[in-house]
Structure formats: structure tokens, C-alpha cells
Amino acid sequence: MPDDRPFQAVTPPAEPHPKPPAEATRRRFIAATAAASGAAVVGGLVAGSPAQAAEAAPGNPVSTTAGGSKDHRSTKKEKKMRIVAVEEAFSIPGAIRQEAAIRQRMDVPEAIKQEWFRRLDDLTELRLADMDANGVDVQVLSYSTPGLEVIEDPAEAVAVARRVNDYLAKAVAGHPKRFAGFAVLPLQDPKAAVVELRRAVEELGLKGVLYNDHVRGHYLDEPQFRPVWAELERLGVTLYLHPAVIPADNWHVFDGYPVLVGPSWGWTATTGAHALRVIYGGVFDEFPRASVMLGHMGELLPFQMARLDSRYPQVPVAQRVQHLPSYYLRNNVYVTTSGVMSHAALLGAVHAVGVDRVLFSIDYPFESSAEAVGFLRSAPYAPADLARIAHGNAERVLRL
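Here's what I pulled together on the structure shown here.

Conventions used here
- Residues numbered from 1 in each chain as written.
- Predicted model: local features only at pLDDT ≥ 70, side-chain atom pairs only at ≥ 80, totals over all residues.
- Heavy atoms only, no water.
- Pairing = 2+ DSSP bridges.
- Helix = DSSP H or I, 4+ residues; strand = E, 2+ residues; numbered from the N terminus.
- Axes fitted to C-alpha atoms, helices over the stretch in contact; angles between N-to-C directions.
- Polar contact = N/O pair within 3.5 Å; in protein donor to acceptor, adjacent residues only side chain to side chain.
- Contact = heavy atoms within 4.5 Å.
- Patch = residues over 30% accessible without salt bridge, like charges linked within 9 Å, V, L, I, M, F, W, Y side chains within 5 Å.
- Areas by Shrake-Rupley, 256 points an atom, 1.4 Å probe, with all protein chains shown as cover.
- Salt bridge = Lys/Arg side-chain N within 4 Å of Asp/Glu carboxyl O.
- Buried < 20%, exposed > 50% of the residue type's maximum accessible area, 1.4 Å probe, protein only.
- Phe/Tyr/Trp six-rings, centres within 6.5 Å; stacked < 30°, edge-to-face > 60°.
- Expected span 1.5 Å × (residues − 1).
- Bend = angle between axes of the 7 residues up to and from the residue.
- Core = buried A, V, L, I, M, F, W, Y, C linked by side-chain atoms within 4.5 Å.

1. Description of the sheet that holds strand β5 (residues 84-90)
Here we have three strands laid out as an open sheet, ordered β5-β6-β7, and parallel in their pairing. Every other strand in the sheet has two partners, leaving β5 and β7 (179-181) as the edge strands with one partner each. If you compare each strand with its neighbour and ignore which way they point, the axes differ by 35 degrees on average. The sheet contact formed by strand β6 (residues 138-143) and β7 spans three bridges and is parallel.

2. Describing the side chain of T268
As for its position among the elements, T268 is in helix α10 (residues 266-280). A distance of 3.0 Å separates polar atoms of two side chains, one belonging to T268 and the other to E299. Ignoring any residue separated from it by four or fewer positions in sequence, one finds T268 in contact with E299 and L300.

3. Describing a nonpolar patch on the surface
A surface patch of nonpolar side chains, about 280 Å² in accessible area, is lined by W265, L300 and F303. Residue position: L300 is located in the loop between α12 (295-299) and α13 (305-311). For L300, a relative accessible area of 35% gives the class partly exposed.

4. Some words on the environment of A192
Relative to the elements of secondary structure, A192 occurs in helix α8 (residues 190-203). Under the relative-accessibility criterion, A192 is labelled buried at 17%. Residues A192 and A157 lie 35 residues apart in sequence; the distance between their C-alpha atoms is 9.6 Å. Beyond its immediate sequence surroundings of up to four residues, A192 is in contact with V158 and P186.

5. Let's talk about the packing of aromatic side chains
A full pass over the atoms with the stated rule returns nine aromatic pairs. Seen from their ring centres, F90 and Y143 are 5.6 Å apart, and the 65 degrees between their planes marks the pair as edge-to-face. Of this pair, F90 sits in strand β5 while Y143 sits in strand β6; the two residues are 53 residues apart in sequence, bridging distant segments of the chain. Under the relative-accessibility criterion, Y143 is labelled buried at 3%. Both rings, one in F90 and one in Y167, keep their centres 6.2 Å apart while their planes meet at 5 degrees; by these two values the pair is stacked. With F90 in strand β5 and Y167 in helix α7 (residues 154-174), this residue pair connects regions lying 77 residues apart in the sequence. Judged by relative accessible area, which is 32%, Y167 ranks as partly exposed. Counting every residue linked through ring pairs, the aromatic cluster contains W229, F284, Y327 and Y328.

6. Quick word on the pairing of β5
The buried fraction of β5 is high, at seven of seven residues. In terms of strand pairing, β5 meets β6 through five bridges, oriented parallel. The residue of β6 that forms the bridge with V84 is V138.

7. As for helix α17 (residues 383-398)
Taking 1.5 Å per residue as the helical rise, α17 with its 16 residues ought to reach 22 Å, and the 21 Å between its terminal C-alpha atoms agrees with that figure. The sharpest bend along α17 reaches about 55 degrees and sits at I389. All of the buried residues along α17 are D385, L386, I389, A390, H391, N393, A394, V397 and L398. Looking one or two residues beyond α17, the residue adopting positive phi is R399, at roughly 55 degrees.

8. What to know about the nonpolar core
Membership of the largest hydrophobic core comes to 86 residues, with the highest contact counts inside it found for L187, L220, W229, F284, L346, F360 and I389. The next biggest cluster of nonpolar side chains, apart from the first, holds 14 residues, and it includes V138, A180, L359 and V397.

9. Regarding unusual backbone geometry
In the segment running from T145 into P146, the intervening peptide bond is cis, with an omega of 15 degrees. Note that P146 resides in the loop between β6 and α7. With omega at 0 degrees, the peptide bond leading from Y364 into P365 counts as cis. Note that P365 resides in the loop between β12 (358-359) and α16 (369-377).

10. Some remarks on the pattern of salt bridges
By the definition in use, this model includes 15 salt bridges. E115 is the partner of R119 in a salt bridge, and the nearest nitrogen-oxygen pair spans 2.6 Å. Taken as a pair, R119 and E115 lie in helix α5 (residues 110-120) at a separation of four residues, close to a single helical turn. Judged by its relative accessible area of 19%, R119 falls in the buried class. We note a salt bridge from R216 to E152, for which the minimum N-O separation is 3.7 Å. Of this pair, R216 sits in the loop between β8 (208-212) and α9 (226-235) while E152 sits in the loop between β6 and α7, and the two are 64 residues apart along the sequence. When salt bridges with common partners are traced through the structure, they connect R162, D166, E196 and R199 into a single cluster.

11. Considerations on the side chain of S369
Looking at the element boundaries, S369 is found in helix α16. Look past the residues within four positions of S369 in its chain and what remains in contact with it is D130, N134, I362 and Y364.

This is how it looks when you write it as C-alpha cells:
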């Protein structure tokens, strides 16, 4: 089985540390390095390291970089950092009964729901004011869950897809420096989905696709969706695999605990499992340049990589794919920060998949822009790496 190719998780510090002499022990080298940077050594760990700074409070003007040095960026410089947020929802009144689905499936106070609905329907006034207030330069817009996937009639799904994508393209054209967009696809009819994907990218200028987990219980590793993957690869655009408000089935373990069904756990479990179906189903072996984007720190898959790899040799040879699972997570998957404002989680995701595969996201309007941006600005990374997460990776991957 091929070895994983090496990757650079974070940019090294600007000032290189001295190389240890051959006879020096690891502990002596750590102590020498710490002394050179003014840090203390406690139990073999450098005080002031990213592990200690991982849960620094958002907004802290002095954060520890990934290299262990202090980042003294001024508030003025921080405000100038370009920020692109890549999972930001909108809706079209009357297109799909989204409000009814959200009311039924998300157990939150009515006042919060009303504010969501007000902001989902707005594409200029409230949204742009929120972006300006929090220093967000660009939102990559996507049609809010439950999305087209709940439509039963394939012909209706095709018609709604065209309507949504036209509406989105018009909104982006009205504010081309502030918005970009992910298309919706009528995957109820895979052949029609290929046609609409081509139109959305080549004619409307949309940057990829956002898809809500399942089409009435069908998943993207199934053979009928191979032509869609082929077109995604040909066009060079990604598919953002997003949770579905309405699950494909009901898990008995969630009975009596509705808090487990949605964003706190159930969505991560089901969406992460769907991504693994795509990996284990050989989609990326057949289409090696295709990619998936996963929110919520990769639906926690980066933190499961060692376990996935250690169990994989027990899979029957006839059912194996060409590489270890971690290979695909590092080469065909992008991770976004949506809804997970934890420096510890960010450090872990970057270490697992590489800083060039992690993108900033808010999950507007379901999450607070102020909190998300504060989390980003105080993240324990050197400026170059922080810029990649904040905007550079999105600009590269989505061709913004």
C-alpha cells in the first residue's frame, strides 16, 4: 500500500532554531530552544506553546504562533487581514418550505428562529452590514438546508435548481467583490444534474456545489452519481458536503435526546460517515482530482485519521481502495471551521491535513460573525499561515 506523501502542516517560525548537536538529547534540545525564545520548560513541554495557547480567548491581541514565538500584530494590521467565509446560507422565500423544516427539526427558541429567517431571506442590507461590522470581505453563499434534496419529483427539482442558481448568480453579479456562490444540483436526476452543473459553473460563474448529505436516502458513492463526479473533476470545482436538517433515517440511540440529532452530534456523525462512503467507495480512485469540502472542522474526521488507518489493514483486500483513508483526507478533502470556534480543534485539523487545506467559515446566520472572526484573528498561527486560512486557500480552491 503506498505511503502517504509528506506535507507541511504549518509554516516554520521566521527565525530558525539552532540544530541540536548529535549527542544532545531531545529534552536538552527542547530546553535550549525554549531558552533561546524566552520560554520556560515544564514537564518537557515548552510553556507558551500552541498546546497552551489552544483555547486562548477570542480577541486576545497577543497570541502564540504555531512556531512558539509571540505574534505582536497590531489591531490595525489585524483589521486589514482579508477574510473570506465559505459556508454562508441564504434562502429564497417560497422556493422550498425551509421555514417549516427548520421549525420542526431544530429545537431552539422562537426568537432565534425568527432572526435566522429574517437574515436568510436578506442578501444585501442586513448581510452586508454584518460583514462590514466584522471585517468579512467575501461570503461564499449557499442555499440553506433542507435544500433541493427533499423534493420528490425530479422535474420539479430541475426547475427549482435553475431558479435558485439564477437567483444566486444575479445576487453575486450585484456585489461581485462581496459575494461568490455554490450552486445547487437536482441530483434526483443525475443526467440533468450534470447539465445544470456545467451551466452553473461555465455560464453563471458559480464556484462549486453545496449538497445536503443525501437525496431521499441516496448517497454520492452510488453508481448513478459517477457522471456528476466526472463533471466536477472536469470543471475543477469542489462539492461542499453539508449536513441535512431532515435525516435519511432515525437512529434509536437518539431516542428521547433531540439535542443529539442535530448540529451538536448527529449531523457530524452522518455527514462524516457519508464522506467516508465516498472514500471507501473508490470515488477518488476513479476521479483523483475531485474534491469534497467538509464543515465543522471536517466533521471531526481529521481527528479520527489514525484510527481509520490502523483498522484499514483488516478490511478484505477485495474491498480496499488504493490508499489509506488518511491519504484521501489529505489530498481530496478540504476542511472548514464553520461552527467550531476552538483553537485546539483548529490546531489539530491543521496538523492532520495541512494548513493549505483548512478554510475559514462562519455558518452565517446560524453562528455569530463576531465570535467567528474573533476566533480567527486570535488563532495561534504566524501571519502567513493565518492568511492562508482566512482567505488564501479559499481564493486558490474556489478561484476567487
